[in-house]
Protein chains: 2
Amino acid sequence: MTLDNMKLDNITQLFKALSDPIRLRILNLLITKDSFCVCEIVDILGIGQSTISRHLAYLKNSGLVESWREGVWMHYSLIKENMTIIEMENLKLQLEQCDSIIEDNKRLKKGNLACSNE
Amino acid sequence: MTLDNMKLDNITQLFKALSDPIRLRILNLLITKDSFCVCEIVDILGIGQSTISRHLAYLKNSGLVESWREGVWMHYSLIKENMTIIEMENLKLQLEQCDSIIEDNKRLKKGNLACSNE
DNA sequence: TCAATACATCCGTTTATACGTATTTAATAG
DNA sequence: CTATTAAATACGTATAAACGGATGTATTGA
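Residues numbered from 1 in each chain as written. Chains lettered and ligands numbered in written order. Predicted model: local features only at pLDDT ≥ 70, side-chain atom pairs only at ≥ 80, totals over all residues. Heavy atoms only, no water.

**Points about the packing of aromatic side chains**
Here is the rule: Only the six-membered ring of Trp is used, alongside the rings of Phe and Tyr, when aromatic pairs are assigned; centres must lie within 6.5 Å, and planes under 30 degrees apart are stacked while those over 60 apart are edge-to-face, with the rest tilted. Only DSSP runs of H or I reaching four residues or more are called helices, and only runs of E reaching two or more are called strands; each is numbered from the N terminus. Any residue under 20% of the maximum accessible area for its type is buried, any over 50% is exposed, and the rest in between are partly exposed; the area is computed with a 1.4 Å probe on protein chains only. Note on criteria: charge over ring means Lys NZ or Arg CZ within 6 Å of the ring centre, with the direction from the centre no more than 35 degrees off the ring normal.
In total, this model carries one aromatic pair over all chains according to the counting rule given. Taking the centre distance of 6.2 Å and the plane angle of 25° together, the rings of F15(A) and F15(B) count as stacked. One end of the pair, F15(A), is in helix 1 (residues 6-18); the other, F15(B), is in helix 1 (residues 6-18), on a second chain. A relative accessible area of 0% places F15(B) in the buried class. In this structure, R23(A) is placed above the aromatic ring of Y58(A), and the distance from its NZ or CZ to the ring centre is 4.0 Å. Across the ring face of F36(B), the terminal group of K33(B) is positioned such that the distance to the ring centre comes to 4.3 Å.

So this is what it looks like as structure tokens:
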């Protein structure tokens, strides 16, 4: 990565961050509600904790989300200012048509999560 | 890739297609002018023909561009309807600030290409 | 101080993408 | 038909990302 292309590499990185189905499912959650802790995302997506944690780290390194600690829980939320390249409303609509995301949204509404932070 | 997630995989694939600096430079050209043939892109970007050809095939498989033959030349152009998730105007603005893309646009304006189709 | 919960990270492995060089295929001009 | 130019693809290789399971670190509450 040459210094000249810092900027181009940043844009590239934004798209890389969005080019994974699990990260898109996480994004869908963060579009719907202001913030989530890791264990909530683990429960809703039904995917292993280390996997979710790694994807969240990836999103954070790419500048798409920020996080803060609240007791034992790490909360994650979107940084919308860094996503001006994306038509969020259209993305949301497209995501909502995907089977796995429909399921996620159902589990989100029900809210009977196994983790203590709900 | 399960059938259920066809749609999510398509969205993922769109972003994958955008997550490479060379493909973004190609995209920048196709935003600026209606269509390009392969040899023009090769000349403007100064990158090997096989590399460009492979990236164009990738963009095509991802549904971002279409192509047609005109004599010896293959022309490529954007399929804008498939990019409604992207804020094209903002993407354009961001791309135009990148050093390598500034250079591309200079060579595009000059227009003194080596290939016979200019 | 010790146990429990939440989260991050390491390890080994697998898969996807990238590249350059060389070759193959397609169309045209002579 | 043959040579030439344009473009696609095959091959070998290098790097980046993905995963699950195990381990390490932080915070809280008993």
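Further notes follow.
**Section: the relation of the copies chain A and chain B**
Note the following rule: The copies are overlaid by a least-squares fit using only the C-alpha atoms of residues whose pLDDT is at least 70 in both copies. We call two residues in contact whenever any of their non-hydrogen atoms come within 4.5 Å of each other.
Superposing chain A onto chain B takes a rotation of 180° plus a shift of 0.0 Å along the axis, which leaves an RMSD of 0.0 Å. Here the symmetry operator amounts to a two-fold rotation axis. The fraction of interface residues of chain A whose copies in chain B are also interface residues reaches 100%, indicating that both copies meet through the same surface.

**Focus on the protein's contact with DNA strand C**
Keep this limit in mind: Near, as used in this document, describes a residue that has one of its heavy atoms within 4 Å of the molecule or strand being considered. Polar contact criterion, stated in full: a pair of N or O atoms within 3.5 Å, where within protein one must be able to donate a hydrogen and the other to accept it, and residues adjacent in sequence count only if both atoms are side-chain atoms. Classification used: nonpolar for Ala, Val, Leu, Ile, Met, Phe, Trp, Tyr, Cys and Pro, charged for Asp, Glu, Lys and Arg, polar for all others including Gly.
The local shell around DNA strand C holds 23 residues, among which C39(A), Q49(A), S53(A), Y76(A) and T51(B) are the closest. Among all atoms of DNA strand C positioned within 4 Å of the protein, those belonging to sugar or phosphate total 64%. S53(A) is positioned with one of its side-chain polar atoms (N or O) 2.4 Å from a phosphate oxygen of DNA strand C. One of the side-chain N or O atoms of T51(B) is found 2.7 Å from a phosphate oxygen in DNA strand C. At the level of secondary structure, the elements contributing two or more residues to the surface near DNA strand C comprise helix 3 (38-45), helix 4 (49-61) and strand 3 (73-78) of chain A together with helix 2 (21-32) and helix 4 (49-61) of chain B. The element best represented in the surface near DNA strand C is helix 4 of chain B, accounting for five residues. The residue inventory of the surface near DNA strand C, partitioned by class, reads 10 nonpolar, eight polar and five charged.

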